[in-house]
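# Structure assessment
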Amino acid sequence: MRAGWRVLLAVVALLLGVMAVGTPACLYADEILRPCELFTRQDAEALLKETITEERVLESHLPAGATCRYAYSRDGSTYDIRVKVATDRSIAEEGIHDSAKDVFDRQIKTRRSHEYASKKLREFDGIGEGSFWDGSSLWALQGANLVIVTVNSLLEGSFKSMDEMNAAKEEQNLAYSMEIMATVLKRLE
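Reading the values: the criteria
- Residues numbered from 1 in each chain as written.
- Predicted model: local features only at pLDDT ≥ 70, side-chain atom pairs only at ≥ 80, totals over all residues.
- Heavy atoms only, no water.
- Disulfide = S-S within 2.5 Å.
- Helix = DSSP H or I, 4+ residues; strand = E, 2+ residues; numbered from the N terminus.
- Axes fitted to C-alpha atoms, helices over the stretch in contact; angles between N-to-C directions.
- Parallel < 35°, antiparallel > 145°, perpendicular 65-115°, else oblique.
- Left-handed = near helix turned anticlockwise from the far one by under 90°.
- Contact = heavy atoms within 4.5 Å.

### Comments concerning the state of the cysteines
Tallied over the entire structure, the rule returns one disulfide. In this model, Cys-36 is linked to Cys-68 through a disulfide, with the two sulfur atoms separated by 1.9 Å. Classification of the bridge connecting Cys-36 and Cys-68 rests on its S-S torsion, roughly 100°, and on that basis the disulfide is right-handed. Pair noted here: Cys-36 is in helix H3 (residues 35-38) and Cys-68 is in strand E2 (residues 65-74), with a separation of 32 residues, a long-range link.

This is how it looks when you write it as structure tokens:
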């Protein structure tokens, strides 16, 4: 029995090692997946009026693509911005969906039909070829690209209840996400 666990742990460690070595640049060398160029560290610092202490590019899945993460700390907590770009090619190579449009259409259809998710869903015109807010991320489709912006920002102030605070934080994160998305979509043109 112990030998079986050792083999299982060795296989898991090997798979994790292989996943850690791969980068979006290696996987899609002929395709430009540079979300940190679409929304830069300078853009993030100007928007948030904070010093970014961490910048990382992460390989993303479901849908496949690349994510740029900018983080900063304040009062012992960490806050961040994530800009994910998934392309038709990266999505098709992942083998789950056909294209950026396929992912976008399925996501919005599922959210519209789900009791809880439909309450959080907010659709917008004039942002890319289609966009929606799911309560924590802003999604937009533009050509062969699906862009997903997620912001976890510092909220200052006092509130009468946790619900009021959560609603204010969601609105603030949406406002930041809209500004970030406008920059990203302009640079994708």
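Still more ground to cover, so stick around.
### Concerning the packing of helix H4 (residues 41-48) against helix H8 (residues 162-188)
Contact pair H4 / H8: the axes reach a minimum separation of 11 Å and the direction vectors enclose 150°. The orientation of H4 with respect to H8, classified from their angle, is roughly antiparallel. The handedness of the crossing between H4 and H8 comes out as right-handed. Each of Asp-43, Leu-47 and Leu-48 in H4 lies in contact with H8, whose residues at this interface are Tyr-176, Glu-179, Ile-180, Thr-183 and Arg-187.

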